[in-house]
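Here's the letter readout for the chains.
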Amino acid sequence: MLSFDQVCDRRNTDSTKWDRYETRYGLQDVVPLWVADMDFPCMEEIKQALIRRAGHPVYGYTDIGKDLVQAVIDWEGRQHHIDVRAEEIVWNTGVVYGFYTLIQWLVKPEEKVIVQPPVYPPFFRTPESLGRRVVYSPLKRNGEDWEMDLEDFEAKLKEDPSIRMFLLCNPHNPVGRCWKKEELQKILDLCERYDLYLVSDEIHGDVILPGAEHVSILACDERWHRRVIFLGSATKTFNLAGLKISYAIVKDPALQKEFAAIAKASGLSSVNLFAMEAMKAAYRYGDAWKDACVSYIYENFRFMKRYLEEEVPGAAFSIPQATYLGWVDMEALQLPKDFCQRLKREGHVEFQAGEGFGEAYAGFLRVNLACQRSTLEEGLRRMVVWLKENGCLA
């Protein structure tokens, strides 16, 4: 029987999430609710697959096997109802590395990339690191929901014909929206009209909470496929980020052929042999584990919503449709700008500061709920204690 409440101590494993505090900040006993990885023990079938492969004492160059390719095809068909052919897959060491290669290849130095903040920081930092300018078309709030501002998006495209690529976050990190098919079709139509490539990051596409539905960009009409590149991975769903593996699905044959050649030449497609075994096991045997994990995460969201309503009534929070990340609006509390940094140093709990997702979101914070409920409760308790000690709560 699966137990996601079981605490798995990750300290002293060189964990990015847990082990940086003493060496980097001189701190101890910090509850980390920031970076997007899970604290749950790995699925047993993945662990056993790695042990079996490690039992063979040669770890040389390894090619992608047909069984891994078929596992991806079957998973995408079962989970997301999209048809994938083996020749459409381009292997990557990670989604962000895929961003880097695609931008460098498809966006000329004088051209631009458009994104929709608040959004995962590599969406704008990656093009900027390559000398490409970024155009922002912010999402708009409609009550408790977030929506694409299609009028603003088109106005930006009409105003600036040098915009060549749209980076879509689907589902969206950090607001947790699952985009509807009609929304995706409208954005695809704009990309067609103004000649943009659309790169869809769907790494959170398996973590869909009750009542919501994820629609892949590849579920839209095939007439748009010639300008679409899908990026996906098992690494978020099954917590395999340290193994470095992801994949692109490219329906256009010419685009796929060139991307595959670039990925091979650059080493982008040279994925870790243990990652291959882990992803194969995850996609073959992981359906039930994934469903149980998402159910646990959903109950964490329900817990956090009740906790904030009782303890921090000024915080605005709605349970998202997807991801294990909560986007909390703290603006009504009028907190100091360095709120998250002070919470880490003084309150010994760390959240992801909202301004990292766009300058306009300094009053927000992102919470990682893929952890044991006891960890989440302790992190929230520490936040409330700090707020009270600093006069931010009555």
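Our subject is the structure listed above.
Residue positions within a chain follow its written sequence, with the count starting from 1. This being a predicted model, a pLDDT of at least 70 is required before a residue's local features are given, and a value of 80 or more before pairs of side-chain atoms are given or counted; all residues contribute to the totals for chains, interfaces and linings. Think of the side-chain values as coming from all heavy atoms in the structure, minus any hydrogens and water.

Caption draft 1: Molecular detail of the packing of helix α4 (residues 95–106) against helix α5 (residues 122–129). It is the contact of α4 with α5, at a shortest axis distance of 10 Å, that shows an interaxial angle of 40 degrees. Here α4 is positioned oblique relative to α5, judged by the angle of their axes. Crossing geometry of α4 relative to α5 is assigned as right-handed. Each of V96, F99, Y100 and I103 in α4 lies in contact with α5, whose residues at this interface are P122, F123, T126, P127 and S129. The convention used is that axes are lines fitted to C-alpha atoms, helices contributing only their stretch in contact, and that angles between N-to-C directions extend from 0 to 180 degrees. Where helices and strands are cited, they refer to DSSP runs of H or I of at least four residues and of E of at least two residues respectively, numbered from the N terminus. The labels follow the angle: roughly parallel below 35 degrees, roughly antiparallel above 145, roughly perpendicular from 65 to 115, and oblique for the rest. Two helices that cross are described as forming a left-handed crossing if the nearer one is turned anticlockwise from the farther one by less than a right angle, and a right-handed crossing if clockwise. The contact definition used throughout considers only heavy atoms, calling two residues in contact when any of these lie within 4.5 Å.

Caption draft 2: Helix α3 (residues 66–80), seen in detail. With 15 residues, α3 extends 21 Å from end C-alpha to end C-alpha; this agrees with the ideal 21 Å at 1.5 Å per step. Where α3 is concerned, the buried positions are L68, V69, A71, V72, I73, W75, E76, Q79 and H80. Along its buried surface, α3 packs onto β2 (89–92), β9 (228–232), β10 (246–249), α9 (273–285) and α10 (287–311). Looking one or two residues past α3, H81 carries a phi angle of roughly 60 degrees, positive in sign. Helix span, expected: 1.5 Å multiplied by one less than the number of residues in the helix. Burial classes follow relative accessibility: with a 1.4 Å probe on protein chains only, a residue under 20% of its type's maximum area counts as buried, one over 50% as exposed, and anything between as partly exposed.

Caption draft 3: Expanded view of helix α11 (residues 339–347). Looking at α11, one finds that the buried residues are F339, C340, L343, K344 and G347. Relative to the axis of α11, the buried residues are bounded by an arc of 140 degrees and lie together on one face. In this fold, the buried residues of α11 make contact with α1 (21–25), β12 (349–353), β13 (364–368) and α12 (373–389). Trailing α11 by a residue or two, H348 shows a phi angle of about 60 degrees, which is positive. What the arc measures is the spread of directions leading from the helix axis to the C-beta atoms.

Caption draft 4: Focus on the pattern of salt bridges. By convention in these notes, a salt bridge is any Lys or Arg side-chain nitrogen within 4 Å of a carboxyl oxygen on Asp or Glu. Going through the model one piece at a time under the given rule, you end up with 33 salt bridges. Ionic contacts of the salt-bridge type, sharing partners, join the residues E111, R164, E192, D195, R226 and R227 into one network.

Caption draft 5: Local environment of the sheet that holds strand β4 (residues 133–136). Within the open sheet, the seven strands sit side by side as β2-β10-β9-β8-β7-β3-β4. Their pairing is mixed. The strands lining the two open edges of the sheet, one partner per strand, are β2 and β4. Along the sheet, successive strands turn relative to each other by an average axial angle of 25 degrees, direction set aside. Its contacts with the sheet place α3 against β2, β9 and β10, and it is angled at close to 110 degrees to β2. The criterion for strand pairing is that DSSP finds at least two bridges linking the strands in question.

Caption draft 6: Structural detail: the packing of helix α6 (residues 150–159) against helix α7 (residues 181–193). Where α6 meets α7, the axes come as close as 11 Å, and the angle between the chain directions of the two elements is 10 degrees. One finds that α6 runs roughly parallel with respect to α7. Along its contact with α6, which presents L150, F153, E154 and L157, the element α7 presents K186, I187, L190 and R193.

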